[in-house]
Amino acid sequence: MEAYKELIRRVREARLLGSCAAVLGWDQRTYMPAKGALHRAQQLALLAGMVHEQTTAPEIGGLLDEIEGSELVREGDSAAAVNVREIRRRYDRACKLPRALVTELARTCTLARDVWVQARRSSDFALFRPWLEKIVALKRQEAESVGYAGAAYDALLDDYEPGETSAHLATLFSDLREELVGLVAAIQASGRRPDNSVLHREYPVDRQEGFGRAAAAMIGFDFAAGRLDETAHPFCSGIGPGDTRLTTRYDSRDFGDAFFSILHEAGHGIYDQGLDPAHYGTPMGAAVSLAIHESQSRLWENFVGRSRAFWEHVFPQARRSFPEALADVSLDAFYYAINDCRPSFIRVDADEVTYNLHVLLRFELEQALISGDLPAADVPAAWNEAFTRYFGLTPPDDAQGCLQDTHWSGGAVGYFPTYTLGNLYAAQFFAQASVDLGGLDEPFRRGEFAPLKEWLTTKIHRHGQRHRAADLVAAVTAEPLSPRFFLDHLRAKFGPLYGI
Ligand code: ZN
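Here the structure is a predicted model, which means the values were calculated and not measured. (Residues numbered from 1 in each chain as written. Predicted model: local features only at pLDDT ≥ 70, side-chain atom pairs only at ≥ 80, totals over all residues. Heavy atoms only, no water.)

K.L.:
Sorry, what's going on with the overall build of the protein here?
P.N.:
Of the regular secondary structure elements, the protein holds 21 helices and three strands. Here the C-alpha atoms of the protein give a radius of gyration of 23 Å, agreeing with the 23 Å that 2.2 N^0.38 yields for 500 residues. Dimensions of the protein, computed from the C-alpha atoms along their principal axes, are close to 70 × 50 × 50 Å. Going through the 500 residues of the protein one by one, you find that 53% of them count as buried. (Helix = DSSP H or I, 4+ residues; strand = E, 2+ residues; numbered from the N terminus. Rg over C-alpha atoms; globule rule 2.2 N^0.38 Å. Buried < 20%, exposed > 50% of the residue type's maximum accessible area, 1.4 Å probe, protein only.)

K.L.:
So what exactly am I meant to see when it comes to the pairing of strand β2 (residues 236-240) here?
P.N.:
With four of its five residues buried, β2 lies for the most part within the structure. Of the strand pairs in this sheet, β2 and strand β3 (residues 243-248) are connected by four bridges, and their pairing is antiparallel. Bridging from a neighbouring strand, G240 pairs with D243 of β3. (Pairing = 2+ DSSP bridges.)

K.L.:
Explanation requested: the layout of surface pockets in the structure shown.
P.N.:
Leftover empty space is mapped by rolling, across the atoms, a probe with the size of a water molecule. If you add up the space inside the second largest pocket, you get close to 390 Å³. If you trace the second largest pocket, you find 19 residues lining it, with F303, F430, D441, H489 and A492 closest to the centre. Those elements giving two or more residues to the lining of the second largest pocket turn out to be α12 (308-321), α17 (417-436), α18 (441-445) and α21 (484-498). Counting residues per element, the lining of the second largest pocket draws most heavily on α21, at five residues. Residues of the lining of the second largest pocket, tallied by class, amount to nine nonpolar, three polar and seven charged. (1 Å grid on protein atoms, 1.4 Å probe; cavity = no way out; pocket = protein on both sides within 12 Å on 5 of 7 lines; lining within 4 Å. Points joined across faces, edges and corners; volume = space filled by probe spheres on them. Nonpolar A, V, L, I, M, F, W, Y, C, P; charged D, E, K, R; others polar.)

K.L.:
Help me understand the sheet that holds β3, please; the structure alone is not making it clear to me.
P.N.:
Backbone hydrogen bonds hold the strands of a sheet together, and the pairing may be parallel or antiparallel. The three strands lie next to each other as β1-β3-β2, forming an open sheet whose pairing is mixed. Either end of the sheet is taken by a strand with one partner, and the two such strands are β1 (226-230) and β2. Pairwise comparison of adjacent strand axes, ignoring direction, gives a mean angle of 20° for this sheet. Together, β1, β2 and β3 form the strand contacts of helix α1 (residues 2-28), whose direction differs from that of β2 by roughly 140°. (Axes fitted to C-alpha atoms, helices over the stretch in contact; angles between N-to-C directions. Contact = heavy atoms within 4.5 Å.)

K.L.:
Would you explain the environment of S122 in this entry?
P.N.:
Mapped onto the secondary structure, S122 falls in the loop between α5 (99-121) and α6 (125-146). Judged by its relative accessible area of 46%, S122 is partly exposed. Placed 276 residues apart in sequence, S122 and D398 show a C-alpha to C-alpha distance of 9.2 Å. At a separation of 2.9 Å, a polar atom in the side chain of S122 contacts the main-chain carbonyl oxygen of Q118. (Polar contact = N/O pair within 3.5 Å; in protein donor to acceptor, adjacent residues only side chain to side chain.)

K.L.:
I'm lost on the nonpolar core in this one. Help?
P.N.:
For soluble globular proteins, the rule of thumb is that nonpolar side chains tend to be buried together. Counting residues in hydrophobic clusters, the biggest one holds 129 residues, and the most contacted among them are W311, F429 and L452. If one sorts the elements of this core by residue count, helix α15 (residues 355-371) sits on top with 10 residues. In contact with W311, not counting residues within four places along its chain, are F211, F255, F259, F260, G305, R306, P316, A318, L331, F334 and I338. Counting 16 residues, the second largest nonpolar core, distinct from the first, contains V11, I60, I67 and A80. (Core = buried A, V, L, I, M, F, W, Y, C linked by side-chain atoms within 4.5 Å.)

K.L.:
Sorry, what's going on with empty space enclosed by the protein here?
P.N.:
Evaluation of the coordinates by the stated rule reveals three cavities of 30 Å³ or more. Contributing to the lining of the largest cavity are W116, F128, R362, W383, C402, D405, H407, W408, S409 and F416. The residue makeup of the lining of the largest cavity, split by class, is six nonpolar, two polar and two charged. Here the second largest cavity defines a volume of roughly 50 Å³. Every residue lining the second largest cavity is listed: R85, E86, P162, V288, S289, Q465, H467, R468 and A469.

K.L.:
Just to check I follow, could you spell out the coordination of the zinc ion for this structure?
P.N.:
Geometry reference: four tetrahedral donors at a metal, ideal angle 109.5 degrees. Six octahedral donors, ideal angles 90 or 180 degrees. Looking at the zinc ion, one finds its protein donor set to be H264 (NE2), H268 (NE2) and E294 (OE), positioned 2.1 to 2.3 Å from the metal centre. Coordination of the zinc ion draws on donor residues from a single chain, spaced H-x3-H-x25-E in sequence. Here H268 and H264 lie together in helix α10 (residues 255-274), a separation of four residues that amounts to about one turn. (Donors = N, O, S within 2.8 Å, 3.2 Å for Na, K, Ca; no water.)

Written as structure tokens, this is what we have:
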């Protein structure tokens, strides 16, 4: 059908243009000299404007009108039907946003980001407060423009997690919260603690790089179609077929920071490398959602990379790479150290057990910000109150409290829940893979990770956006998303470590 061909041509072209911006963005965060910032910002703004123009062109609406209801999209999960469904979703959302609002949000967030950096540095919430107020007001306008059935927050959440609602999350997360608070309390009360100083001995950076690169390759990241470079805040950029960029940062006195971020980003990268290149540029060749992307990174980082079976294979190699640091360390001591669970103030440093409590707290507060129940001025007090309720600790200052994350300053409201959703999806996928593949510990002990990677590619990556996240997990595991798998995983792992 000519209209469909033309629609796909236009959508692909916009994606290609977007991928040019992705190369520039990757360069900006890795190798660009500091003085190039202004010129780069101009390049990126130009490209963003062009991509926006292409994706909201009235011709796309006309083509969609022509195709919808035709024979071509009759089968709901055919590639054409999926592409049309998702292109329509994105097109309608983009067209509903007034241009003035988009520009104002972009301008405000660029300025707010700089103020937030200063505010965090000096732990001065008052400096950031007017910007947070402005961003919340703009995000409310965004929600009103897009429209929603339940809460205004849902319109923002939907941008990251299509089809997800705050009412569904509230149910899912309330069971999780109760169990996690209990588990953290039991771990604390056990009085046991690993000696995590073994991870803070001297680990020369060049050897960390080689070791991390080998681990990423071992779990299945293809370096002929990707790279690993240094940055300040690790990320993965899927530029296009055959080109996926991982980044990390190294600290010679911290083994875990670089190693686990490499596994995490490689998990994202393996997803990008597993997408079907024949569908590049269309929804059938794109990741489902942020939560499903995060499920892939966390699966490799935590379910594989922090498992005992993985280290039974890898620890002897680690000892050879870092003999000075690890000669007198046993596998058990090392495994315990990388699974150190203790409440802390900073989300990005949190362990597998406490991590989700950080996210649930943010989910609670950002819903109240958008509904208007929580004025921006009251965020520090509300944060500290909630933190004490969840962790039994009170942040000493706002830099270690409500100012620690960059998300709100960048206008990303509704993003946080995707981290915890990612953990829940990861647990449920991993449990199913383990059943389907007849157990994973044995292959891991032998250093065999290809069966798991193949399973993920076949069941998840290759389908692009055929299913929304909730439907995908139901299709792959034959039941709806449940926190049970994640909680079972935590109990099975941390129970023996802490004797609880
Ligand atoms: Zn991630």
